[in-house]
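This is what each chain is made of:
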Amino acid sequence: QVQLVESGGGEVQAGGSLRLSCAASGRAFSDYAMGWFRQALGKEREFVAAISWPGGSTYYADSVKDRFSISRDNAKKTVYLQMNSLKSEDTAVYYCAAALRSYYRIVSREVDYWGQGTQVTVSS
């Protein structure tokens, strides 16, 4: 079992920045690819970003490429999502996700574990 707890959400004005954190506990963190998804009100959950284990490769949705950056600290068992140049359309609940071994599984939504989510609101 892997438990994921997100933090760092909040309200920010358009053009601002936020950094989300996801702290993992349980089984070996470094065995898991990690990622972030988001779900806006009334919409389906969508992929945002993924990072391989131990962290050499990353992949982003086109909508956030060049604005968001995913990283991980295996010693702290934490994955981060740095969000810059935020737009109102980035408003959503952001979920941390873990998948054993391959980050392509994250991209394919083959997630083994989910966090509970953290709200990000971007005001214009």
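What this report covers is the structure whose coordinates are included nearby. Nothing here was measured: the structure is a model prediction, and the numbers come from that model.

Quick notes on the rules
- Residues numbered from 1 in each chain as written.
- Predicted model: local features only at pLDDT ≥ 70, side-chain atom pairs only at ≥ 80, totals over all residues.
- Heavy atoms only, no water.
- Helix = DSSP H or I, 4+ residues; strand = E, 2+ residues; numbered from the N terminus.
- Polar contact = N/O pair within 3.5 Å; in protein donor to acceptor, adjacent residues only side chain to side chain.
- Contact = heavy atoms within 4.5 Å.
- Salt bridge = Lys/Arg side-chain N within 4 Å of Asp/Glu carboxyl O.
- Buried < 20%, exposed > 50% of the residue type's maximum accessible area, 1.4 Å probe, protein only.
- Disulfide = S-S within 2.5 Å.

### Concerning the side chain of threonine 78
Phase 1: Examined against the element boundaries, threonine 78 turns out to sit in strand S8 (residues 78-83).
Phase 2: From its side chain, threonine 78 meets the backbone oxygen of lysine 76 in a polar contact 2.9 Å long.
Phase 3: Setting aside chain neighbours within four positions, we find threonine 78 in contact with Ser21, Cys22, Ala23, Phe29, Ser71, Arg72 and Asp73.

### Digging into the pattern of salt bridges
Phase 1: Enumeration according to the criterion identifies seven salt bridges in this entry.
Phase 2: Between aspartate 90 and arginine 67 there is a salt bridge, with the nearest N and O atoms lying 2.8 Å from each other. With a gap of 23 residues between them, aspartate 90 in the loop between S8 and strand S9 (92-100) and arginine 67 in the loop between strand S6 (58-60) and strand S7 (68-73) connect regions that are remote in the sequence.
Phase 3: Look at arginine 67 and you get buried, because its relative accessible area is 11%.

### Some words on the state of the cysteines
Phase 1: Tallied over the full model, the rule gives one disulfide.
Phase 2: Cysteine 22 shares a disulfide with cysteine 96; S-S distance 2.1 Å. Taking the torsion about the S-S bond as the criterion, the cysteine 22 to cysteine 96 disulfide, at about -85 degrees, is left-handed. Placement of cysteine 22 in strand S3 (residues 18-26) and of cysteine 96 in strand S9 is noted, with a sequence separation of 74 residues between them.

Purely spatial values, then, with no claim about function.
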